[in-house]
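Examining the three-dimensional arrangement
These are the residues of each chain, in order.
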Amino acid sequence: MSRKPLPCDVTTIGIDIGKNTFHLIGLDRRGAIALRLKVSRGQLERRIANVPRCLIGMEACSGAHHIGRQLEALGHDVRLIPAQYVKPFLKSHKNDYRDAEAIAEAVQRPTMRFVRIKTPEQMDLLALHRVRARLVGQRTAVTNQIRGFLIERGITVRQGLTPLRRALPEILSATSGPLSPRTVALIADLVADWRRLDERIATVSSDIEALAERDDSCQRLMTVPGIGPVISSAVVAAIGNGAGFKQGRDFGAWLGLVPRQESTGDRIVLGKISKRGNKYLRTLFVQAAHVVLVRRPGTARRGLWPWIVRAAKRLHRNMLVIALANKLARIAWAVLARGHAYQPRTAVNAAA
């Protein structure tokens, strides 16, 4: 039995991605539905191969980047849309075909924001960072559980991993104390788990550092104060060369490092930071800002310290950290987008 040929007047296709089944809605030049199709994952590439070049939209979800690269290889213009930007185009009750129709309508909007399709190299870096983030979270959970058991017996240890690591041998080796033998054995097992997690984190971090050393973009990013192999590789994995943003301000807003705005009429109300976008990357930039504030001499040589001194006169310490994190993010975008290493303002003025 031969398949029904796809219509040739389709200019826009919206694809609702599922685990095994995809639903397609095609629109013609007038915006009317000219195609309604349900295919399996293995059939998608074959069915789209004979369609003339058109605009294809998909939600930026699991597997979308791989499918996007496949369809781009066929010559189509593929664009990924954040799921929250598709929902306003959904009409009436929700089903898979209506989801695909909403995607097809959203992808045509000239002001729509899209997600850049990631390369396989970016996906490798992202996979390493996701594994590292999971291991760090598990280590935090283990150390918090150890602290919980200790504080229930009246033993408190100063905050941080290093003070706890130093205090545990003496606590566990005490012959007489508030800890029962059963609790001592339990905490010893947790310490062993902690040690294994440290080894796993060190191994994954070494892989990330090795990849960062071989990547030119990561090397340029590491010239920015406070940015090392972990942050530089995370930025490259997330945004590539930065072409998905028009300016550094957009990148900072995408990270959620700008105030949330709730304005109406002529009244402008700015609240706390929006915390939108990539939480993992935002956390890394905030940590980088803390490092820059601690290492003052190196920062002064690189030209950031005069700005920090002026900002510190009008901002609380926590607000200063966020402002500096935003500034570092904007500098990082400029380094990626313009293709050269970080040039401190003092160095530029001296050269002039």
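I will try to describe carefully the structure that is included in this document. (Residues numbered from 1 in each chain as written. Predicted model: local features only at pLDDT ≥ 70, side-chain atom pairs only at ≥ 80, totals over all residues. Heavy atoms only, no water.)

Looking at the nonpolar core
Counting residues in each nonpolar core, the largest one holds 43 residues, and the members touching the most others are Leu221, Val235, Phe251, Leu281, Phe285 and Leu328. Contributing elements (two or more residues each) for this core: helix 5 (120-152), helix 8 (216-221), helix 9 (229-239), helix 11 (279-294), helix 13 (305-312) and helix 14 (317-338). When residues in this core are grouped by element, the largest group, twelve residues, is from helix 14. In this structure, Val235 is in contact with Leu221, Gly240, Phe251, Leu281, Phe285 and Leu336, ignoring residues within four places of it in sequence. Counting 21 residues, the second-largest nonpolar core is a separate cluster that includes Ile17, Leu24, Val78 and Leu80. (Core = buried A, V, L, I, M, F, W, Y, C linked by side-chain atoms within 4.5 Å. Buried < 20%, exposed > 50% of the residue type's maximum accessible area, 1.4 Å probe, protein only. Helix = DSSP H or I, 4+ residues; strand = E, 2+ residues; numbered from the N terminus. Contact = heavy atoms within 4.5 Å.)

Some words on unusual backbone geometry
Keep in mind that most residues, glycine aside, have a negative phi and that most peptide bonds are trans. With a phi close to 60 degrees, Ser92 is a non-glycine residue in the positive phi region. Tracing the backbone through its elements, the reader meets Ser92 in the loop between helix 3 (83-86) and helix 4 (96-106). The class of Ser92 is exposed, set by a relative accessible area of 60%. If you check the backbone angles, Lys275 has positive phi at about 55 degrees while not being a glycine. Within the secondary structure, Lys275 is located in the loop between strand 7 (270-273) and helix 11.

Section: the packing of helix 5 against helix 6 (residues 161-173)
Orientation of helix 5 relative to helix 6, taken along the N-to-C sense of each, is 50 degrees, at an axis distance of 12 Å. Classified by the angle their axes make, helix 5 and helix 6 are oblique. The interaxial crossing formed by helix 5 with helix 6 has left-handed handedness. Every residue of helix 6 that contacts helix 5 at Arg139, Thr143, Ile146, Arg147 and Leu150 is listed here: Leu161, Leu164, Leu168 and Ile171. Among the residues forming the contact of helix 5 with helix 6, the class breakdown is six nonpolar, one polar and two charged. (Axes fitted to C-alpha atoms, helices over the stretch in contact; angles between N-to-C directions. Parallel < 35°, antiparallel > 145°, perpendicular 65-115°, else oblique. Left-handed = near helix turned anticlockwise from the far one by under 90°. Nonpolar A, V, L, I, M, F, W, Y, C, P; charged D, E, K, R; others polar.)

Focus: the pattern of salt bridges
Per the stated rule, a full pass over the model turns up eight salt bridges. A salt bridge links Asp99 to Lys94, with the shortest nitrogen-to-oxygen separation between them at 2.8 Å. Its relative accessible area of 60% is what places Lys94 among the exposed residues. Notably, a salt bridge pairs Asp193 with Arg196, separated by 2.1 Å at the nearest N-O pair. Within this pair, Asp193 and its partner Arg196 are both found in helix 7 (residues 181-214), separated by three residues, close to a single helical turn. On the accessibility criterion, Asp193 (28% relative accessible area) is partly exposed. Given the relative accessible area of 48%, Arg196 is considered partly exposed. In this structure, a network of salt bridges that share partners links the residues Lys91, Glu101 and Glu105. (Salt bridge = Lys/Arg side-chain N within 4 Å of Asp/Glu carboxyl O.)

Notes on the packing of aromatic side chains
In this structure the tally under the stated criterion is four aromatic pairs. Geometrically, the ring pair formed by Phe251 and Trp254 is stacked, given 6.0 Å between the ring centres and 25 degrees between the ring planes. Pair noted here: Phe251 and Trp254 are both in helix 10 (residues 248-254), with a separation of three residues, about one helical turn. A relative accessible area of 0% means that Phe251 is categorised as buried. According to the relative accessible area criterion, Trp254 is partly exposed, its value standing at 30%. One aromatic cluster is present, formed by Phe245, Phe251, Trp254 and Phe285 through successive ring pairs. Taking NZ or CZ as reference, Arg36 lies 5.4 Å from the ring centre of Tyr97, over its face. Here the basic side chain of Arg79 rests over the ring of Phe114, its NZ or CZ set 5.2 Å away from the ring centre. (Phe/Tyr/Trp six-rings, centres within 6.5 Å; stacked < 30°, edge-to-face > 60°. Lys NZ or Arg CZ within 6 Å of the ring centre and 35° of its normal.)

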